[in-house]
Protein chains: 4
Amino acid sequence: MSEVGRRVWAIAEGYIPPASSSDTRELTSHETVCILNAGKAPAHIEIMIYFADRAPVGPYKIEVPPERTSHVRFNDLKDPAPVPVNTDFSSVISSDVPIVVQHTRLDSRQAALALLSTMAFPAG
Amino acid sequence: MSEVGRRVWAIAEGYIPPASSSDTRELTSHETVCILNAGKAPAHIEIMIYFADRAPVGPYKIEVPPERTSHVRFNDLKDPAPVPVNTDFSSVISSDVPIVVQHTRLDSRQAALALLSTMAFPAG
Amino acid sequence: MSEVGRRVWAIAEGYIPPASSSDTRELTSHETVCILNAGKAPAHIEIMIYFADRAPVGPYKIEVPPERTSHVRFNDLKDPAPVPVNTDFSSVISSDVPIVVQHTRLDSRQAALALLSTMAFPAG
Amino acid sequence: MSEVGRRVWAIAEGYIPPASSSDTRELTSHETVCILNAGKAPAHIEIMIYFADRAPVGPYKIEVPPERTSHVRFNDLKDPAPVPVNTDFSSVISSDVPIVVQHTRLDSRQAALALLSTMAFPAG
């Protein structure tokens, strides 16, 4: 299974809720990009983040080994800069090999969590 | 990154919940179209809104600067007319340069918010 | 805007929750297919419904006028037979002109509603 | 309706919540792959599951009869091995005939359930 996916993906939504009703990692509000590398070579991935009112930040560099998945929380990205909470953003994910990208948010600001998810847009 | 996206997008769902359990902007029920312009030129965007039982309304005009995102709430669209709440609609988003469009709703009518999101349909 | 969409769409998910925490129409649990006809001709649409363990049922016939949207609840389909609640199904939506189709569920079985939505799969 | 869908699909997200607020089957937290076979021949399907830090597991073999749907819970997959809960994964779904695949989660860890859904990515 060496050619599953695309090399460029985009996610127009992006938002890290600024609060959580739980302090466990599982139930902390988070914004996630799930990346599947089903191929036989490692995926070298760069994420650029776009904002409403300032220049883009990145690239954030991630490597996903062959035949592995990585569910990356935007909350955890630190280099070159943390992703601000309570701020609208978008992202473009580029890889040197085909990958599949899906966007998921868990929002636990209120007493019962909410979820959203969608495949990212395959842009290249 | 100058050719990420498409020039025409459609969202068949559309509904602004008529109430909210919170009066902060973040937690007010809202229907959003998230637009990423990852290119080097400004995006001049027109949104047409379609209803079940009356003629379409628009275009609503939006400009997204180069390398910026705009998360536009249908609740905030006023010209040529506010978008009615508690009313089914659909929308078509057209741009003069490639953009990426995603649809998100936050529904806080009840005590715990609900979310939905999906990439829009790339129609042209 | 006369060629927005596709003529055949599929939704693999399908489930009408068997209960609701509210008896208003807005907050009753529902499974919806949202259909946009952005073109200048009426759309004559047929929906076939597929089950796990019995023959498909349909076609359910729907007409969406030009430049109009219709958010159709599976709960409301009656001819040739009501769609059973608490039962897994899938659907295929066929039209004689291009349309855009999106799938949404509101589940209000519990005290706070949940939502899901996704573009349908453009199959033809 | 014999050619609806594609033969290879991918879902980058995957997560079985480790708890539920209900012990009924309907309201137990679950991660589901909904598969529509709208064609006239049976679909022989293989699912491979990818993890963050170990080799892929599979294939899980499923047959969906002609003109039927199957909503398969990852929770129920047992052969060659159960899918672990509270663990990030991805999946690739391959079929010998065209199918349509959609991903849905019901998360009932907290008092009010949450839902997400998206069409899978058509990869081949």
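In case you missed it, the structure is sitting above this.
Now for a quick tour of the structure. (Residues numbered from 1 in each chain as written. Chains lettered and ligands numbered in written order. Predicted model: local features only at pLDDT ≥ 70, side-chain atom pairs only at ≥ 80, totals over all residues. Heavy atoms only, no water.)

## Observations regarding the pattern of salt bridges
Here the idea is simple: oppositely charged side chains can pair when their charged atoms come close. Counted under the stated rule, the structure contains 28 salt bridges over all chains. A salt bridge links Asp107 of chain A to Arg109 of chain A; its shortest N-O distance comes to 2.6 Å. Grouping residues by exposure puts Asp107 of chain A and Arg109 of chain A together as buried. For the salt bridge of Arg54 of chain B with Asp53 of chain B, the shortest nitrogen-to-oxygen distance reads 3.5 Å. Each of the salt bridges in this network shares a partner with another, and the network as a whole consists of Glu13, Glu31 and Arg105 of chain A. (Salt bridge = Lys/Arg side-chain N within 4 Å of Asp/Glu carboxyl O. Buried < 20%, exposed > 50% of the residue type's maximum accessible area, 1.4 Å probe, protein only.)

## Observations regarding the packing of aromatic side chains
This model, assessed by the stated rule, comprises eight aromatic pairs over all chains. Lying over the aromatic face of Phe51 of chain B, Arg54 of chain B brings its terminal NZ or CZ to 4.6 Å of the ring centre. (Phe/Tyr/Trp six-rings, centres within 6.5 Å; stacked < 30°, edge-to-face > 60°. Lys NZ or Arg CZ within 6 Å of the ring centre and 35° of its normal.)

## Remarks on the side chain of Thr104 of chain B
Residue placement: Thr104 of chain B occurs in strand E6 (residues 89-107). Residue Thr104 of chain B is classed as buried on the basis of its relative accessible area of 4%. Among the polar contacts made by the side chain of Thr104 of chain B, one reaches the side chain of Ser117 of chain B at a distance of 3.0 Å. Contact partners of Thr104 of chain B, with chain neighbours within four places excluded, come to Glu13 and Leu116 of chain A together with His30, Glu31, Thr32, Cys34, Leu116 and Ser117 of chain B. (Helix = DSSP H or I, 4+ residues; strand = E, 2+ residues; numbered from the N terminus. Polar contact = N/O pair within 3.5 Å; in protein donor to acceptor, adjacent residues only side chain to side chain. Contact = heavy atoms within 4.5 Å.)

## A few points about the relation of the copies chain D and chain C
The two copies are related by a screw motion: chain D maps onto chain C through a turn of 90 degrees and a shift of 0.0 Å along the axis, at an RMSD of 0.0 Å. Here the two chains are linked by the operation of a four-fold rotation axis. (Least-squares fit on C-alpha atoms with pLDDT ≥ 70 in both.)

## Topic: the interface of chain D and chain C
If you look at the interface, chain D gives 32 residues, while chain C gives 36 residues. Both sides together, the interface formed by chain D and chain C hides about 2,500 Å², and carbon and sulfur atoms give 63% of it. Between the two partners, chain D and chain C, sit zero salt bridges. Put simply, chain D and chain C have twelve residue pairs in polar contact (both at pLDDT 80 or more) between them. Every element with two or more residues in the side of chain D that touches chain C is listed here: strand E1 (6-11), strand E2 (30-37), strand E5 (68-73), strand E6 (89-107) and strand E7 (114-119) of chain D. Of the residues in the side of chain D that touches chain C, the class split is 19 nonpolar, eight polar and five charged. (Buried area = accessible area lost by both parts, 1.4 Å probe. Nonpolar A, V, L, I, M, F, W, Y, C, P; charged D, E, K, R; others polar.)

## What about the environment of Ala12 of chain C?
Relative to the elements of secondary structure, Ala12 of chain C occurs in the loop between strand E1 (6-11) and strand E2 (30-37). C-alpha of Ala12 of chain C to C-alpha of Ser90 of chain C: the two residues are 78 residues apart in sequence and 4.6 Å apart in space. Contact partners of Ala12 of chain C, with chain neighbours within four places excluded, come to Phe89 and Ser90 of chain C together with Cys34, Ile35, Leu36, Thr69, His71, Val100, Val101, Gln102 and Met119 of chain D.

## Structural notes on the interface of chain A and chain B
Counting from both sides, the interface comprises 36 residues of chain A and, opposite them, 32 residues of chain B. Between chain A and chain B, the buried area comes to about 2,500 Å², and carbon and sulfur atoms account for 63% of it. Taken together, chain A and chain B are joined by zero salt bridges. Counting the contacts that link chain A with chain B gives twelve residue pairs in polar contact (both at pLDDT 80 or more).

## Comments concerning the relation of the copies chain A and chain B
Mapping chain A onto chain B leaves a residual RMSD of 0.0 Å; the transformation is a rotation of 90 degrees accompanied by 0.0 Å of translation along its axis. Counting the interface residues of chain A, we find that no more than 19% of their copies in chain B are interface residues as well, pointing to two distinct contact surfaces.

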